[in-house]
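Take a look at the letters that make up each chain.
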Amino acid sequence: MPATRIFSEYDVGGAMGTLIKNGTVMNSDGSGKADVLMEGEKIAQVGGSIDPKNHTIVDASNLLVMPGGIDVHTHLDMPFGGTVSADDYTSGTQAAAIGGTTMLIDFALQSQGHTMREAFDTWRKKSDNKACIDFSLHMAVTDLGPGDGAQGLREMEEMVAEGISSFKLFMAYPGVLMIDDGLMFRVMQKAAKLNALCCIHAENGSAIDIVVAQMLAEGKTAPHYHALSRSPKAEAEATHRSIALADMAGAAVYIVHLSNAYALDNLKFMQKRGARALAETCTQYLVLSLEDQMPGKSWDEAKFVFTPPLREKWNQEPLWNALKDGSLSVVSTDHCPFRFADQKSLGRENFARIPNGGPGVENRLQIIWHYGVNAGRLTPEKFVELCCTAPARIFGMEKQKGSIKAGLDADILLWDPNADYTISAATQRMATDYSMFEGWKVKGNAAKVFSRGELVVDNMSQPGKFLGTTGRGRFVKREANAGGLA
Ligand code: URP
Ligand code: ZN
Ligand code: ZN
């Protein structure tokens with residue numbers, strides 16, 4: 001590792017700061033023993049041995065000093081499936097922080113017949129004064145307005161000026177969020193001009209809706225059929241189609257929640273041919289499966305109803321390999337929590353009415369560390385790349401977040417690789433009455449979490465508690481950089 005990469009200085013005028021001593025700094029491009037000085041909200045210095053002067057000392061012996069996690073796919077306080085996701089911006093961001101995540105990107109959803117500006121304002125009302133860590137928004141486009149869509153395309157420019165440099169397009173959920181190929185293509189052409197990134201929910205919603213209706217007509221109403229109604233091929237087809245359209249439009253795309261090997265094959269096919277296509281997978285697709293969680297035996301399986309659904313277990317290893325070889329760039333959560341008792345129950349008689357989504361923002365780093373790093377699938381540096389650095393780079397915030405580097409925000413995670421932790425709904429901060437990983441024992445957990453220099457979580461002395469003030473989180477304006485692929 002070239003020493004200059006982590007040993008650097010940033011002049012903040014010599015103010016007294018907080019000095020993290022004796023830790024191992026872990027960046028995506030290298031690691032080494034080094035001290036880290038935080039002054040105000042920034043990382044002031046990273047070096048071999050920094051003079052303690054009058055600084056407050058934090059002992060990081062036996063800990064890894066990492067950038068705070070960045071989760072680029074969450075749905076907080078979102079109206080969906082006849083209800084509203086259970087975590088608001090307070091509980092959701094606190095849960096994230098307790099798990100070591102210091103920044104998330106949520107979605108503002110434009111309603112058909114309404115403007116993007118309205119969606120932006122609505123989501124800022126939900127988030128401002130409530131968010132406890134920094135956050136940003138993707139804009140989900142569902143309508144470009146009348147005629148040739150000039151009004152909506154102009155709004156895209158305004159959104160980019162507001163710091164929203166990624167647009168979400170849904171190819172699923174007909175009648176609610178799904179758009180047709182024409183609208184998708186127009187947005188992609190405009191995004192190409194703006195250097196913005198198009199994020200795609202890739203499932204063929206029209207075909208899936210027909211299968212759903214047929215299954216229900218046959219009396220197949222249990223949660224298990226939700227998974228069977230959404231074929232991996234419906235995801236693969238939409239993955240290929242969206243990347244091909246983006247390629248035609250000259251746009252960069254980012255496929256969200258890629259869940260299976262067929263979709264992965266299509267991604268790789270287009271990447272090999274030069275398409276500017278990136279993708280994430282989510283924690284759940286790497287460790288949960290149709291066989292283990294949704295065998296078709298009980299209503300309890302509604303806890304795992306999300307889209308794309310859980311896949312057969314054999315899909316997991318190709319996803320891990322793709323994270324390793326770079327065809328997948330990020331692990332996010334698609335955190336979209338609904339309580340089992342009174343929200344999932346809306347679909348007791350009909351799987352299509354189960355609000356789809358699962359809780360996970362608190363557990364991403366624990367699970368990916370345990371099943372990725374401890375299991376020998378990922379190096380610690382790759383873990384940082386997938387969970388912190390690539391999310392910052394791809395979504396236009398690398399000058400502010402995603403690395404332990406002088407001049408960046410002091411969003412710092414002290415990670416204890418030896419901490420034993422048992423995941424349970426009884427101790428989580430997320431607002432659901434269940435955990436998708438109930439009783440799982442993992443090794444590796446957040447020890448202390450700093451958000452812009454402030455200690456907001458100390459799991460060593462006050463486990464599972466958020467220590468900062470509500471509303472301290474700030475909206476982060478992101479650069480339009482075409483996913484860092486430009
Ligand atoms: O089931 C899911 N994933 N719910 C959240 C909305 C989405 O499609 O990402
Ligand atoms: Zn989605
Ligand atoms: Zn989602």
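Residues numbered from 1 in each chain as written. Chains lettered and ligands numbered in written order. Predicted model: local features only at pLDDT ≥ 70, side-chain atom pairs only at ≥ 80, totals over all residues. Heavy atoms only, no water.

A closer look at the coordination of the zinc ion (ligand 3)
- Within the protein, H73 (NE2), H75 (NE2) and D334 (OD) serve as the donor atoms for the zinc ion (ligand 3), at 2.0 to 2.2 Å.
- Of note is the zinc ion (ligand 3), whose four donor atoms meet at the metal with angles of 85 to 137° in an arrangement that counts as irregular.
- In primary-sequence terms, the residues that donate to the zinc ion (ligand 3) follow H-x1-H-x258-D.
- In this model, the zinc ion (ligand 3) sits 3.7 Å from the zinc ion (ligand 2). Neither H73 nor H75 differs from the other in exposure class; each is buried. (Donors = N, O, S within 2.8 Å, 3.2 Å for Na, K, Ca; no water. Tetrahedral: all angles 85-135°; square planar, octahedral: opposite > 155°, others 65-115°. Buried < 20%, exposed > 50% of the residue type's maximum accessible area, 1.4 Å probe, protein only.)

Notes on the nonpolar core
- Ranked by internal contacts, the top residues of the largest apolar core, which has 123 residues, are M139, F167, M188 and I200.
- Taken domain by domain, the makeup of this core includes at least three residues from each of domain 1 (3–66 + 403–458) and domain 2 (68–399).
- Excluding anything up to four places from it in sequence, I200 contacts K168, L169, M171, M184, M188, S242, V253, Y254, I255 and V256.
- In this structure, I70, V72, V330 and V476 belong to the second largest nonpolar core, which totals 18 residues. (Core = buried A, V, L, I, M, F, W, Y, C linked by side-chain atoms within 4.5 Å. Domains from an automatic or database assignment. Contact = heavy atoms within 4.5 Å.)

Some points on the site of ligand 1
- Neighbouring residues of ligand 1: H73, H75, F80, Y173, H201, H257, F306, T307, D334, C336, N356 and G357.
- Measuring from an oxygen atom of ligand 1, one finds a side-chain N or O atom of Y173 at 2.5 Å.
- One of the side-chain N or O atoms of D334 is found 2.6 Å from a nitrogen atom in ligand 1.
- Protein chains bury 99% of the 260 Å² of accessible surface belonging to ligand 1 in isolation.
- Considering only residue class, the shell around ligand 1 consists of four nonpolar, seven polar and one charged. (Near = heavy atom within 4 Å. Polar contact = N/O pair within 3.5 Å; in protein donor to acceptor, adjacent residues only side chain to side chain. Areas by Shrake-Rupley, 256 points an atom, 1.4 Å probe, with all protein chains shown as cover. Nonpolar A, V, L, I, M, F, W, Y, C, P; charged D, E, K, R; others polar.)

Some remarks on the domain arrangement of the protein chain
- Once the domains are mapped, the protein chain shows domain 1 (3–66 + 403–458) and domain 2 (68–399).
- The centre of domain 1, based on its C-alpha atoms, is set 28 Å off from the matching centre of domain 2.
- Between domain 1 and domain 2, the contact holds 39 residues from the first and 51 residues from the second.
- Counting the contacts that link domain 1 with domain 2 gives one salt bridge.
- Here D134 ties to R452 by a salt bridge, and the two come within 2.8 Å at their closest N and O atoms.
- Joining domain 1 to domain 2, the criterion identifies 13 residue pairs in polar contact (both at pLDDT 80 or more).
- Within the residue set of the side of domain 1 that touches domain 2, elements represented by two or more residues are β3 (24–27), β4 (30–33), β8 (64–67), β19 (412–422) and β20 (441–451). (Salt bridge = Lys/Arg side-chain N within 4 Å of Asp/Glu carboxyl O. Helix = DSSP H or I, 4+ residues; strand = E, 2+ residues; numbered from the N terminus.)

Details of the state of the cysteines
- For the coordinates displayed, the defined rule picks out zero disulfides.
- Between C198, a free cysteine, and C199, which holds the nearest cysteine sulfur, the sulfur-to-sulfur gap is 7.6 Å.
- In this structure C198 comes out as buried when scored by relative accessible area, which is 0%.
- C282 carries a free sulfur, and the closest cysteine sulfur to it, the one in C336, is 11 Å from it. (Disulfide = S-S within 2.5 Å.)

Details of helix α3 (residues 150–161)
- Its twelve residues place the ends of α3 17 Å apart at the C-alpha level, agreeing with the 16 Å of an ideal helix rising 1.5 Å per residue.
- For α3, the set of buried residues is G152, L153, E155, M156, M159 and V160. Viewed along the axis of α3, the buried residues span an arc of 155°, placing them on a single side of the element. Summarising the geometry of α3, the exposed residues directed more than 90 degrees from the buried face are R154 and A161.
- Looking at the buried positions of α3, the neighbouring elements they touch are α2 (116–127), β13 (134–140), β14 (166–170) and α4 (181–194).
- After α3 finishes, the residue G163 shows a positive phi value of roughly 95°. (Expected span 1.5 Å × (residues − 1). Arc of directions from axis to C-beta.)

Here we look at unusual backbone geometry
- Residue T307 is joined to P308 through a cis peptide bond whose omega torsion reads -10°.
- On the secondary structure map, P308 appears in the loop between α10 (290–293) and α11 (316–325).
- If you check the backbone angles, N22 has positive phi at about 70° while not being a glycine.
- Positive phi values are uncommon outside glycine, yet Y173 reaches one of about 65°.
- Looking at the secondary structure, you find Y173 in the loop between β14 and α4.

Here we look at the side chain of Q110
- Mapped onto the secondary structure, Q110 falls in the loop between β12 (101–109) and α2.
- A relative accessible area of 2% means that Q110 is categorised as buried.
- A polar side-chain atom of Q110 sits 2.8 Å from the main-chain carbonyl oxygen of H114.
- The contact partners of Q110, leaving out residues within four places of it in the chain, are T115, M116, A119, M139, A140, V141, T142 and D143.

Some thoughts on the sheet that holds strand β16 (residues 252–255)
- Spatially, the eight strands line up as an open sheet ordered β9-β12-β13-β14-β15-β16-β17-β18, and their pairing is parallel. Strand pairing shows two members of the sheet lacking a second neighbour, β9 (69–74) and β18 (330–332), which therefore form its edges. Within this sheet the neighbouring strands show an average axis-to-axis angle of 30°, counted without direction.
- Here β12 runs beside β13; their pairing, made up of seven bridges, is parallel. Bridge pairing in β13 places L109 opposite A140. (Pairing = 2+ DSSP bridges. Axes fitted to C-alpha atoms, helices over the stretch in contact; angles between N-to-C directions.)

Details of the pattern of salt bridges
- Tallying each qualifying case throughout the model produces 29 salt bridges.
- Notably, a salt bridge pairs D409 with K401, separated by 2.8 Å at the nearest N-O pair. As far as burial versus exposure is concerned, D409 and K401 are alike and both buried.
- The partner of K443 in a salt bridge is D420, and the shortest N-O contact between them spans 3.1 Å. With a gap of 23 residues between them, K443 in strand β20 and D420 in strand β19 connect regions that are remote in the sequence.
- Using a relative accessible area of 61% as the deciding quantity, one classes D420 as exposed.
- When salt bridges with common partners are traced through the structure, they connect E41, K42, D134, K401, D409, D411, R452 and R474 into a single cluster.

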